[in-house]
Amino acid sequence: MESKKLEALLMSADLGSFTKAAEVLGYTQSGLTHMMNSLEREVGFPLLDRGRHGVRLTEAGEKLAPLMRELLRADTALADMVAQMSASRSETIHTAAYASLAMHWLPAIIQAFREENPNVDVDIRMADHVDAPYALLSQGKMDVIFVSRQEPGAYEWVHLKDDPMYAVLPRDYPTQGRDVFPLHEFDGKDFLMPAQGFDKDILRIFDREGVRANIQPTVVDDATVVNMVEHGLGISMMTELTLKGRAERVLTLPVEPAASRELGVAVRSLSEAPEMLRRFIDCTQRIVRELSR
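Here's what I pulled together on the structure shown here. The shown structure was predicted, so the numbers you read here are calculated from the model rather than taken from an experiment.

1. Considerations on the environment of Leu291
Item 1. Mapped onto the fold, Leu291 is located in helix H11 (residues 275-291).
Item 2. Residue classification places Leu291 among the partly exposed residues on the basis of a relative accessible area of 41%.
Item 3. Along the backbone, Leu291 and Trp105 are 186 residues apart, and their C-alpha atoms lie at a distance of 7.9 Å.
Item 4. Discounting chain neighbours no more than four positions away, the residues touching Leu291 are His104, Trp105 and Ala108.

This is the structure:
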């Protein structure tokens, strides 16, 4: 039995009129009458009494009505669930991240998020410039970005971690037994700037401390900078996360005074963020805390 026929039957009985039921359901009266005749032929016995005062369920119709209503409720619940699942499967969170964050944080974050939300996709774009994710966010092309905090702008910030800075030195660099590297010692030294655009975080620290390093013109990735330092072509400064897994062949010392870049996620508006995006941010905060222990 078709659910639309059952719906029309119950609506006609509830309203006591084919005319009123047809108006509510958007049928013509003749079309609805035809549906009821078809349904009664299908079941093999009358379901409605038709009279001068309208229509009402027969005794057989009264017995079947509760089951019909239950079937219609189940049909509605099924349709709602299918629509929900379809919408969920089409939902994608678009994110951009610096390479170091994408490498060391996002795999664990996405794994945990997918375990909790298996039908939501996370699309990742790697950023090769500090400003690129911010531009993508402002253009509406990204839902959330993993970045270091820059100048205030049209975004809201969620702090995740302070990523400390380290001097990156050749193994034979004369440290005089120190376990820290004074920032002023970068003065006048050949300095290899990390990946293009990420000089902003470093130059901000240099300007604050009045450091004037001899910055070498390089447009290479972080791994290449480390290799260049290893071969005595200059010294550099990178964050703990950037150096993770890359510092075996060089000497790294925390800088003094201590300096760091502030890492977090930025969104256009937390209050207007969809529920699934807020879940993703909550998952991100939890996983970063676990990874930082």
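2. Describing the packing of helix H2 (residues 18-25) against helix H3 (residues 29-43)
Item 1. Between H2 and H3, the least distance of the axes is 9 Å, while the angle of their chain directions is 105°. Comparing the axis directions of H2 and H3 gives the class roughly perpendicular. The segment H2 lies against H3, with Phe18, Thr19, Ala21, Ala22 and Leu25 engaging Gln29, Leu32, Thr33 and Met36.
Item 2. A breakdown of the residues in the contact of H2 with H3 according to their chemical character gives 6 nonpolar, 3 polar and no charged.

3. Things to note about unusual backbone geometry
Item 1. Here the residue pair Glu256 and Pro257 is connected by a cis peptide bond, since its omega of 0° sits within 30 degrees of zero.
Item 2. Within the element layout of this structure, Pro257 appears in the loop between strand S11 (251-256) and strand S12 (260-267).
Item 3. Even without a glycine there, the phi angle at Gln176 is positive, about 55°.
Item 4. Relative to the helices and strands, Gln176 is located in the loop between strand S6 (156-169) and strand S7 (181-182).

4. Some thoughts on H2
Item 1. Buried within H2 we find Phe18, Ala21 and Ala22. Across the axial projection of H2, the buried residues extend over an arc of 100°, all falling on one side. Of the residues in H2, the exposed ones pointing more than 90 degrees away from the buried face are Glu23 and Val24.
Item 2. Where H2 is buried, its residues meet helix H1 (3-15), H3, strand S1 (48-51) and strand S2 (54-57).
Item 3. For H2, the side-chain oxygen to backbone nitrogen distance between the N-cap and Thr19 is 3.1 Å, and the N-cap itself is Ser17.
Item 4. Just beyond H2, the residue with positive phi is Gly26, at close to 85°.

Scoring rules and cut-offs
- Residues numbered from 1 in each chain as written.
- Predicted model: local features only at pLDDT ≥ 70, side-chain atom pairs only at ≥ 80, totals over all residues.
- Heavy atoms only, no water.
- Helix = DSSP H or I, 4+ residues; strand = E, 2+ residues; numbered from the N terminus.
- Buried < 20%, exposed > 50% of the residue type's maximum accessible area, 1.4 Å probe, protein only.
- Contact = heavy atoms within 4.5 Å.
- Axes fitted to C-alpha atoms, helices over the stretch in contact; angles between N-to-C directions.
- Parallel < 35°, antiparallel > 145°, perpendicular 65-115°, else oblique.
- Nonpolar A, V, L, I, M, F, W, Y, C, P; charged D, E, K, R; others polar.
- Arc of directions from axis to C-beta.
- Polar contact = N/O pair within 3.5 Å; in protein donor to acceptor, adjacent residues only side chain to side chain.

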